[in-house]
Amino acid sequence: MLSKTVEQALNQQVELEAYSANLYLAMASWADKEGFAGASEFLYEQYAEENTHMIKIFQYINDREGHAIVAAIEQPPADYKSIQEIFEKTLVHEKLISKKINELVGVCMKENDFTTVNFLQWYVNEQIEEESTARSILDKLNLLEGDASKMYLFDRDIASLRIL
Ligand code: OFO
């Protein structure tokens, strides 16, 4: 059974994962509208992956006799200046998620809930990969310096990449 403190902290993470999903959905929509077919496909996939992150914690809360809550989600930004800005924001966001996951593990340790610490290990590892992929996409974009023909190739190639 979860302590109230752990239950509350897990529900906060559910809300964050749902926000992550909506953030990538908003980015996918912008990329789609601007004609970046590959980037939008990649971001739609990200949206789906974040939903799986959310539901996994959601169901874990109920499995451990807690109560998973569907929270109101803050609206993510709809407009972006460029694909570059999208991936800059992605990296900043994933760093924030890593910090939140680490804080959540800290709460569980304090509460002596090693079952949940163990459950969260998957998220700890996942964040290493997520930050690293966002960083490598951003590095590639920085090399292109806005060159239109290279951007076309970038957009074609990114569709086959998966962050998660
Ligand atoms: Fe992007 O890993 Fe969940 O939030």
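Presented here is an overview of the structure given in this document.

### Considerations on the packing of aromatic side chains
Summed over all chains, the structure comprises six aromatic pairs. Between Phe119 and Tyr123 the ring centres are 5.8 Å apart and the planes differ by 50°, which places this aromatic pair in the tilted class. Of the two residues, Phe119 and Tyr123 both sit in helix H4 (residues 114-144), four residues apart, roughly one turn of that helix. For the pair Phe119 and Tyr123, a shared accessibility class is recorded, and that class is buried. Taken together, a centroid distance of 4.9 Å and an interplanar angle of 80° make the contact between Trp122 and Tyr123 edge-to-face. Since its relative accessible area comes to 1%, Tyr123 is described here as buried. Following the ring pairs from residue to residue traces out a cluster consisting of Tyr60, Phe119, Trp122 and Tyr123. Here Lys56 stacks its cationic end above the ring of Trp122, 3.4 Å away from the centre of that ring.

### Considering the packing of helix H3 (residues 83-110) against H4
At a minimum axis distance of 9 Å, the contact between H3 and H4 shows a crossing angle of 160°. For the element pair H3 / H4, the angle class is roughly antiparallel. For H3 against H4, the interelement crossing comes out left-handed. Residues of the contact of H3 with H4, tallied by class, amount to 18 nonpolar, seven polar and six charged.

### Topic: the pattern of salt bridges
On inspection of all chains with the given rule, the structure shows eight salt bridges. Across the pair Asp113 and Arg64 runs a salt bridge whose closest N-O atoms are separated by 3.6 Å. Within this pair, whereas Asp113 is found in the loop between H3 and H4, its partner Arg64 is found in the loop between helix H2 (37-63) and H3, the two being separated by 49 residues in sequence. A relative accessible area of 16% places Arg64 in the buried class. Bridged by salt links that share partners, the residues Lys99, Lys100 and Glu103 form one connected network.

About the thresholds
- Residues numbered from 1 in each chain as written.
- Predicted model: local features only at pLDDT ≥ 70, side-chain atom pairs only at ≥ 80, totals over all residues.
- Heavy atoms only, no water.
- Phe/Tyr/Trp six-rings, centres within 6.5 Å; stacked < 30°, edge-to-face > 60°.
- Helix = DSSP H or I, 4+ residues; strand = E, 2+ residues; numbered from the N terminus.
- Buried < 20%, exposed > 50% of the residue type's maximum accessible area, 1.4 Å probe, protein only.
- Lys NZ or Arg CZ within 6 Å of the ring centre and 35° of its normal.
- Axes fitted to C-alpha atoms, helices over the stretch in contact; angles between N-to-C directions.
- Parallel < 35°, antiparallel > 145°, perpendicular 65-115°, else oblique.
- Left-handed = near helix turned anticlockwise from the far one by under 90°.
- Nonpolar A, V, L, I, M, F, W, Y, C, P; charged D, E, K, R; others polar.
- Salt bridge = Lys/Arg side-chain N within 4 Å of Asp/Glu carboxyl O.

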